[in-house]
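Remarks on the overall topology
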Amino acid sequence: MIKAALKSVVAHKLRLGLTALAIVLGVAFVAGTYVFTDTINSTFTTLIDDVYQGTDVVVRSEDPGFGVEQVGLPESLVDEVRAVEGVGAVAPSVEGIAQIVKDGEAIGGQGPPTLGFSWTDETELTPLTLRDGRAPTGSGELLIDAATADGNAIATGDVVTIVALGPPEEFEVVGIASFGESDSLAGATLSIFDYETAQRLFNSEGMVQTISIAAAPGVSPDDLTERVGGVLPQGVEAISGADQVDETLAEVAEGLSFLNIALLSFAAVAVFVGAFIIYNTFRIIVAQRSRELALLRAIGATGGQVTWMVIVEAFFVALVASAVGIVLGIGVAAGIRGLMAAVGFTPPEGPLTIEPRTIVVGFAVGLIVTLVSALLPARRASRVSPVEAMREGGSPPRRRSLATRAITGTVVAVVGIGSLFVGLFVGVSNAIAYVGFGALVTFLGVAILSPLAAKPIAKFVGWPLPRTIGVTGKLAQENAMRTPRRTASTASALMIGVALVAFVAIFASSISASVRASIFDNFPADLSVQYTNFAEPGMGGISPDLGRQLREIDELESVSPIQFGQFRKSDGGIAFVTGVDTATIADVYALGVQSGSLDAAADGGVMLHVDTADDLGVTVGDTIEMEFALTGVQSVTVDAIFERNDLNTPYMLATPVFHQNFTSRFDQMIFANVAAGSDLATARTAMEGVAADFGNVEVQDKGEFVAQQEAQINGILALFYGLLGLAIVIAVLGITNTLALSVFERTREIGLLRAVGMARRQVRSMIHWESVIIALFGAILGVAVGSLFGWSVVTALADEGIEVLAFPWVQLAIFIVAAGIAGVVAAALPALKASRLNVLEAIAYE
Amino acid sequence: MTTAHDTRTRIAARTEGATKIYGSGHAEVRALDDVDAAFAAGQFTTIMGPSGSGKSTLLHVLAGLDQVTSGEVYIGDVSLNTLTDKALTLLRREKVGFVFQAFNLIPTLTAEENIVLPLTIAGKKPDPVWMEQVVTTVGLGDRLEHRPTELSGGEQQRVAAARALVSRPEIVFADEPSGNLDTTSGAELLGFMRMAVRELGQTIIMVTHDPNAASYSDRVIFLRDGKIVDELLEPTPDGILGRMKGLGA
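First, a word on what this report is: a plain description of the structure on this page.

1. Some remarks on the overall build of chain B
For chain B, the count of helices and strands is nine helices and 10 strands. In summary, chain B has a C-alpha radius of gyration of 18 Å against a globular reference of 18 Å for 249 residues, a match within 12%. Counting over 249 residues, chain B shows a buried share of 53%. Intrachain contacts of chain B at a sequence separation of at least 6 include 67% that bridge at least 24 residues. Split by element, the accessible area of chain B, about 10700 Å² in all, is 49% carbon and sulfur. Side-chain charges of chain B comprise 24 positive and 32 negative groups, with the mean position of each set lying 3 Å from the other.

2. Side note on a negative patch on the surface
Residue and element names in this part refer to chain A. A cluster of acidic residues, D222, D223, E226, D243 and D246, forms a negative patch at the surface. Within the residue set of the negative patch, elements represented by two or more residues are α5 (221-231) and α6 (241-288). When residues in the negative patch are grouped by element, the largest group, three residues, is from α5. Relative to the helices and strands, D222 resides in helix α5.

3. Thoughts on the packing of helix α14 (residues 484-522) of chain A against helix α21 (residues 702-745) of chain A
Residues and elements named next belong to chain A. Packing of α14 against α21 brings their axes to within 8 Å, and their N-to-C directions diverge by 175 degrees. One way to sum up the angle between α14 and α21 is to call them roughly antiparallel. Partitioned by chemical class, the residues of the contact of α14 with α21 number 23 nonpolar, eight polar and five charged.

4. Regarding the side chain of T108 of chain B
Examined against the element boundaries, T108 of chain B turns out to sit in the loop between β6 (96-99) and α3 (111-115). Residue class for T108 of chain B comes out buried when judged on its relative accessible area of 4%.

5. What about the packing of aromatic side chains?
All names here are of chain A. Scanning the entire structure with this criterion turns up 19 aromatic pairs over all chains. A ring pair is formed by F503 and F507, whose centres lie 5.7 Å apart and whose planes are at 15 degrees; its orientation type is stacked. A residue pair is termed a helical-turn pair when its members lie 3 or 4 positions apart in one helix, as F503 and F507 do in helix α14 at four residues. Taken together through their ring pairs, the aromatic side chains of F567, F628, Y651, F658 and F662 make up a single cluster.

6. Focus on the pattern of salt bridges
Opposite charge on two side chains permits them to pair, given that their charged atoms come into close proximity. Residue and element names in this part refer to chain A. Summed over the entire model, instances satisfying the criterion amount to 33 salt bridges over all chains. Residue D38 pairs with R357 through a salt bridge whose shortest N-O separation is 3.0 Å. Remark: R357 occurs in helix α9 (residues 356-382) and D38 occurs in helix α1 (residues 2-52); sequence separation between them is 319 residues. Taking the shortest distance from any N to any O, the salt bridge between R516 and E710 comes out at 3.4 Å.

7. Some words on the sheet that holds strand β14 (residues 210-215) of chain A
Sheets are built from strands that pair by backbone hydrogen bonding, the pairs being arranged parallel or antiparallel. Residues and elements named next belong to chain A. In space, the four strands of this open sheet follow the order β3-β14-β1-β15, with antiparallel pairing throughout. Each having just a single partner strand, β3 (87-93) and β15 (236-240) make up the two edges of the open sheet. Between one strand axis and the next, the sheet turns through 20 degrees on average, direction left out of account. Sheet topology note: the strand β1 (residues 57-61)/β15 ladder contains five bridges and is antiparallel. When the bridges of β15 are listed, R60 appears paired with E237. Along the sheet, α5 makes contact with β1, β3, β14 and β15, crossing β15 at roughly 175 degrees. Lying over the sheet, α6 contacts β1 and β15, oriented at roughly 95 degrees with respect to β15.

8. Considering helix α24 (residues 809-835) of chain A
All names here are of chain A. The terminal C-alpha atoms of α24, which comprises 27 residues, lie 37 Å apart, in line with the 39 Å expected from a rise of 1.5 Å per residue. The largest bend in α24 amounts to roughly 45 degrees and is located at A828, with the proline P830 lying one to four residues further along. Here α24 has its buried residues at L812, F815, A819, G820, G823, A826, A827, P830, A831, A834 and S835. Those residues of α24 that are buried are in contact with α14, α21, α22 (747-755) and α23 (760-796).

9. Notes on the pairing of strand β8 (residues 204-207) of chain B
Both faces of the sheet carry side chains from a regular strand, because those side chains alternate between them. Residues and elements named next belong to chain B. The side-chain alternation of β8 yields two buried faces, one formed by I204 and M206 and the other by I205 and V207. Relative to β8, strand β7 (residues 171-175) runs parallel, the two being bridged by four bridges. Considered in β8, the bridge of V172 is made with I204.

10. A look at the interface of chain B and chain A
Taken together, the contacts link 24 residues of chain B with 21 residues of chain A. Linking chain B with chain A are four salt bridges, by the criterion used here. Across the pair R147 of chain B and E478 of chain A runs a salt bridge, and its minimum N-O distance is 3.5 Å. Our count for the chain B to chain A interface comes out at nine residue pairs in polar contact (both at pLDDT 80 or more). At the level of secondary structure, the elements contributing two or more residues to the side of chain B that touches chain A comprise α2 (85-95) and α4 (117-121) of chain B. Its residues assigned to classes, the side of chain B that touches chain A comprises 12 nonpolar, five polar and seven charged.

Conventions we followed
Residues numbered from 1 in each chain as written. Chains lettered and ligands numbered in written order. Predicted model: local features only at pLDDT ≥ 70, side-chain atom pairs only at ≥ 80, totals over all residues. Heavy atoms only, no water. Helix = DSSP H or I, 4+ residues; strand = E, 2+ residues; numbered from the N terminus. Rg over C-alpha atoms; globule rule 2.2 N^0.38 Å. Buried < 20%, exposed > 50% of the residue type's maximum accessible area, 1.4 Å probe, protein only. Contact = heavy atoms within 4.5 Å. Areas by Shrake-Rupley, 256 points an atom, 1.4 Å probe, with all protein chains shown as cover. Lys, Arg positive; Asp, Glu negative; His and termini not counted. Charge placed at Lys NZ, Arg CZ, Asp CG, Glu CD. Patch = residues over 30% accessible without salt bridge, like charges linked within 9 Å, V, L, I, M, F, W, Y side chains within 5 Å. Salt bridge = Lys/Arg side-chain N within 4 Å of Asp/Glu carboxyl O. Axes fitted to C-alpha atoms, helices over the stretch in contact; angles between N-to-C directions. Parallel < 35°, antiparallel > 145°, perpendicular 65-115°, else oblique. Nonpolar A, V, L, I, M, F, W, Y, C, P; charged D, E, K, R; others polar. Phe/Tyr/Trp six-rings, centres within 6.5 Å; stacked < 30°, edge-to-face > 60°. Pairing = 2+ DSSP bridges. Expected span 1.5 Å × (residues − 1). Bend = angle between axes of the 7 residues up to and from the residue. Polar contact = N/O pair within 3.5 Å; in protein donor to acceptor, adjacent residues only side chain to side chain.

Take a look at the structure:
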């Protein structure tokens, strides 16, 4: 009996341990997300404090711009500000984007930007300090940050190429700078030039971005801010250094909160899947302990007390698991970092930051999810009748009406799909919330319905087994079918993970197919130049000098650069606007002009995509209002309406008009055709000869352009797979858990099979195949639900340029096969345990 | 019937100095203490004894479910002591049949599938003539397609008995096979087992504490404190009861 009791304790540990693991992983993801974003945040906080240390007042344009579009100030203000009483030191700053190229290779730019600054001798007003060498003087000299220097083996005296808004230029590295205490600015590359050189490189002659001011001794920053503000013209403002820090931090926090929410929604998926596992485990545990619970009832415990007992057990499991999860979150934070780095975005590095909030949220998530998931099973426990204590082998599970389940499940699923469709197809304002809620409720509906499908699907999936591997297969199939609810809720967890993965795969392959179709159908351009850095529009791009040089190549014609910018619509929303060369764009991009003409737009009008025009209710000749950071609200005439939107460019301006309204001079891509009389290979070689010096560009033909777009999509796809991976791992653990519990429950049965001659290998095979059936059931449901999501989302986005619905059949089939393999892995431990049961103890087991 | 105990009769299973010790030191329990026993082929032998006498342990070591601490156990000429788990599994599959007191059947399989289970595990097909004979003898008739939960306790035990016989094992081991049955069902099952011995030449070794059940067998051996203390041929319920009283059971 002692042996049996010990065995029971060990089994108890195992089943609670596996449940706890589901909680641990979910909590770890949540905590890891916070640690990750908090770490970035605190890294930035330190940096920004460094930047403005010693700065009492900042003079800047009143309009902060949209996105990263910055508006400069006239240089003459510097002297006016210097004349204000109480001003100590003054440092104007000229800023821009500068690509460092060494030996033809672009450095950095994959995530953090490639920044360029002007040097100032006012050391208290700059975070930059000379670590080595001397300050840059005159054209041809620069400083770079220590991290970039160390990371790329660049030393004082080396020569590098710099690409800004002009042609590539050679510079000598005359010194190495550090940024405050650290080697770099959150991973950005820094190039520091003298004042005039910076103005020349960044197209800012006579302009500065900001003016930093230090107060004279005894002058308070607030007083000085007010005094400086008094001499500034309209549109320029003075702000105290402290306020500037707060404002910048708020911007960083806002950007990070987006990342935070994105990552937390993946964490939510993991937690949601975990909830299924917890629910399932507690349900099975309660069922297995029904005799024990009935005994408690028989000796006088109330139903409520029994419920409490289960809840308290859940509470302790959750408490321990959440604590472990929070600790593990640090590892997850590193994992997220690695994942983002692997797909080409390198977040800044800094000391790990664990806020008290992370710990509170971690425990809250772990406890709430566990307790809510355990609530239904706990209530079930209270309904165990005392008489069950006397019955041999427990009572058969109560069967609730299938009709009730079918109706409930259908209603829930219909509500979910309904909400999903409302979000996708009806123009509601918070569509994403409808879609998210719809997906969640659809999952619940399918999970409620799945026990109805468990038996037939398990039978179908397991159909070949009895015919191929005989009685072991037959038993595996029957075991998977015998408790449909258990099989179904185990499979449901996997269903959610697989559904999301399948959805992402369908979505991505539809985008790829759409891109492919639109590029081959609608881009007559033979060649293109792409910017290879990973940067927001405005935070970098192709030097306009490249376009100028390409135009001089005889082998090319219709060289057509494209610019991107952001503006504010009259409804307050921010939208992208594209700058195009009206003379050549039609040769490289089949816009399908419906009315008006591109030439008409050359002197100041806007070109609209037909859907946008319809939405705005305008036609050619009407005017719309566009607000630009640089020039404010402009009334613009609609000069052309076009049909195709393959580059997602519903608003287009002629390049000169674009340049009137934006400070940035970067091009985002350049299209070109092979000139008559030349051939693709020759034209391409000529193009590459020019482009090579720029470092951060790549010449592509149509096929490569498509491949690059697909590579980008696949990169994001890989990130999504990685982030969804944890949910899948949790789901697979759920299978392990259910099987372990089932093996425990079937100890005598397995003992009997062994007694009548079943070999250990056959026992293992039986459990493996049962697991495979459960996993395949989950994967099939998942692919079905994921296909529904994929179909509806792609259909809804047909107007946004995703015109082709492509099902990646091979990939979906691989998911299902992989799920089957995952089933084998999940079954490894339970199968081993089952095969090692001592036959004599198993048949004597009670 | 004396021929059944003739010395020339083939021995289906035997033990030589079989000793089984559980625990150690102060808590040491000798479940079997130097037991020499032989079980003739084609005979129905019952092992009886009070609780803790070692009767179940003797059955388990004979069946290869448990191993002796010292001594030898043979099924036919095969010594079980040196067999690996794999070999023991094969032995159980091919040479031994089991009927337990309860939980004899796999709930997910039909009666027929349960009966042929040892054969299907071995990847063999049942001999249809023999299968027919066993099924007819068991008298399940049209219940073969039913699941165990749809069968009465007596029917379930008869299915178990049919399963034990279908692979024509050298020995069938029965551990309180009628323990959970009412009198009528118990009598049917035991009658069937006796018939299997008389008419099909089966060897059966059974453990029971019920003198009435034991009276269906050809021979009863009595155990007390792990030792064989008595033996009775051609037993009757009263005769067994008398011996049991003598053992202080």
